[in-house]
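In case you want the letters, here they are:
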Amino acid sequence: MEIGNLFNVVLLLGAVLSALLSFYLYFYPTRFFANKVLGLLAFSWALTVFGFMIQSPDFFSRYPHLYASLDVFALLFYPLMYIYLRTYLYDDTRTWKKNLVHLIPGLLYVVVFIPFFIQSSESKVQMILERSFPQWYISLQLFFNLLIVVQGIFYSILSLRKLHHFQYFRRVRLTRYQLGSLKWLKLFISLNILLWLCGTSGIIMEVLQVNIKIDLFAVFYLGLTILTIFLGVFTIKRPEFFAEEEDILKYITNKPVQQAFKEENTNRNDKELILNYFEEDKPYLKTDLKMQDLVNSTGLSYKRISEVFNVEFQKTFFDIVNEYRMRTAIELINSGYHRQHTLQHLAEQAGFNSKTTFNRIFKKQIGKTPTEYIQAHNL
């Protein structure tokens, strides 16, 4: 591979530095799950940049088995960005089991291109030099290229929404230190969106065969490389910035977590916070909703949530959940949902985990069974 200009030199150095950072982030500090994800993100981006730089028939004629093999890492960047953000903010998501679904496109890419990967070197060289790829290969490459474009905007929007959700429900409990981290993450995601627009515009210009003075692909790759390196370096300089939330509070206050929470923002309205969470996120639609889900989403302690329900609502957690579920169930019945679906399916849509529970709660609150209610109102 020949490096012919300054841009290639800078991009190559960026790829190497990203790769080195990835190993540090993944292996130290080992207790921070989000840092491991960030390490994988940096490594996948380093290989993506390398794949971008070696795109030439001469190179692939010498190393044909590398052709298309590195493209899979481009399918991992945006999902890993979202997983990193998610696992940094929420401790209950810090397992690969809960995040593997986002990596399915990358796995699918490897599986569907196995017939090409197992081709002999001679066959690949002929296809590369003569541009005589099978039609199925061309169609699948187009599909995955479009999928990468869709991933960029989908995961960027999803990440911004996750940040907004987290800050909205927890801002009364966040320190200036933590709020600063959220501002940086928002900036990182926003710049990613701008770079995505550059890359997408480059694809459109290439398809339309429009020549412009600026190489939008160069802006995209160089920009994301710089962002990735900056994020990695910042993490190395201040690892506690990306630590678990409890560790952050210890670093800042040098006090036990529970004590730090008690001393912050004593005038906050926790009842309103919980009501907003129920109204906006509709957690009661989960059939396996637990009190711990509220703890993770609102930032309130288990003890404080119990106190709010018992003292301010004067009801139990399950009373409130069932009231919201009943409201949803009645809305579905009144809209005629039961005419196209079974009552059991309707109950599940409202958040009840069984028809028996649904009938019992319905009878307790309305005074009639669901069937009797439907007949009484001619629904």
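Residues numbered from 1 in each chain as written. Predicted model: local features only at pLDDT ≥ 70, side-chain atom pairs only at ≥ 80, totals over all residues. Heavy atoms only, no water.

**A few points about the packing of helix α14 (residues 291-298) against helix α15 (residues 302-313)**
Consideration 1: For the pair α14 and α15, interaxial distance at closest approach is 9 Å and the crossing angle is 110°. As judged from the angle between their axes, α14 and α15 are roughly perpendicular. Residue-level contacts link Met291, Gln292, Leu294, Val295 and Thr298 of α14 to Tyr302, Ile305, Ser306 and Phe309 of α15.
Consideration 2: Looking at the contact of α14 with α15 residue by residue, the classes come out as 6 nonpolar, 3 polar and no charged. (Axes fitted to C-alpha atoms, helices over the stretch in contact; angles between N-to-C directions. Helix = DSSP H or I, 4+ residues; strand = E, 2+ residues; numbered from the N terminus. Parallel < 35°, antiparallel > 145°, perpendicular 65-115°, else oblique. Contact = heavy atoms within 4.5 Å. Nonpolar A, V, L, I, M, F, W, Y, C, P; charged D, E, K, R; others polar.)

**Comments concerning helix α16 (residues 317-334)**
Consideration 1: Between the first and last C-alpha of α16 there are 26 Å, a value that for 18 residues agrees with the 26 Å anticipated at 1.5 Å per step.
Consideration 2: Turning to α16, its buried residues are Phe317, Ile320, Val321, Asn322, Tyr324, Arg325, Met326, Thr328, Ala329, Ile330, Leu332 and Ile333.
Consideration 3: Just past α16, the residue Gly336 takes up positive phi, approximately 85°. (Expected span 1.5 Å × (residues − 1). Buried < 20%, exposed > 50% of the residue type's maximum accessible area, 1.4 Å probe, protein only.)

**Structural notes on the side chain of Arg86**
Consideration 1: You can see Arg86 is positioned in helix α4 (residues 74-89).
Consideration 2: With relative accessibility at 17%, the residue Arg86 sits in the buried group.
Consideration 3: A distance of 2.7 Å separates polar atoms of two side chains, one belonging to Arg86 and the other to Asn99.
Consideration 4: In contact with Arg86, not counting residues within four places along its chain, are Thr93, Lys98, Asn99, His102 and Lys162. (Polar contact = N/O pair within 3.5 Å; in protein donor to acceptor, adjacent residues only side chain to side chain.)

**Considerations on the nonpolar core**
Consideration 1: By size, the foremost hydrophobic cluster in this structure holds 41 residues, and its most contacted members are Tyr78, Leu89 and Leu224.
Consideration 2: Put simply, the parts of the chain that give this core at least two residues each are α1 (6-27), α2 (33-53), α4, α8 (135-170), α9 (176-207) and α10 (216-237).
Consideration 3: Apart from the residues within four sequence positions on either side, Tyr78 is in contact with Gln151, Gly152, Tyr155, Ser156, Asn192, Trp196, Phe220 and Leu224. (Core = buried A, V, L, I, M, F, W, Y, C linked by side-chain atoms within 4.5 Å.)

**Observations regarding the UniProt feature "transmembrane region" (unreviewed entry) in the protein chain**
Consideration 1: What UniProt calls "transmembrane region" (unreviewed entry) maps, in this numbering, to residues 6-25, 37-54, 66-88, 100-118, 138-163, 184-204 and 216-236.
Consideration 2: Split by type, residues 138-163 is 100% helix and 0% strand. Its first and last C-alpha atoms lie 38 Å apart. (UniProt positions renumbered as here; feature names shortened; annotations may be inferred.)

**Observations regarding the pattern of salt bridges**
Consideration 1: Scanning the model with the defined rule gives 6 salt bridges in all.
Consideration 2: Across the pair Lys286 and Asp293 runs a salt bridge, and its minimum N-O distance is 3.5 Å.
Consideration 3: By relative accessible area, which is 12% here, Asp293 ends up buried.
Consideration 4: Each of Asp270, Arg304, Glu307 and Glu312 takes part in one network of salt bridges that share partners. (Salt bridge = Lys/Arg side-chain N within 4 Å of Asp/Glu carboxyl O.)

**Some words on the layout of surface pockets**
Consideration 1: A volume near 1400 Å³ is recorded for the largest pocket.
Consideration 2: In terms of lining residues, the largest pocket is bounded by 39 residues, among which Gln55, Asp71, Gln141, Asn145 and Glu206 are the most central.
Consideration 3: For the lining of the largest pocket, the elements supplying multiple residues, two or more each, are α2, α3 (57-62), α4, α8, α9 and α10.
Consideration 4: A total of 8 residues in the lining of the largest pocket trace back to one element, the largest contributor, which is α8.
Consideration 5: Among the residues making up the lining of the largest pocket, the classes are represented as 26 nonpolar, 9 polar and 4 charged.
Consideration 6: In this structure, the second largest pocket is lined by 20 residues; those nearest its centre are Lys162, His165, Tyr277, Asp281 and Ser297.
Consideration 7: Mapped onto the lining of the second largest pocket, the elements with two or more residues apiece are α4, α8, α13 (270-281) and α14.
Consideration 8: A per-element tally of the lining of the second largest pocket places α8 first, with 4 residues. (1 Å grid on protein atoms, 1.4 Å probe; cavity = no way out; pocket = protein on both sides within 12 Å on 5 of 7 lines; lining within 4 Å. Points joined across faces, edges and corners; volume = space filled by probe spheres on them.)

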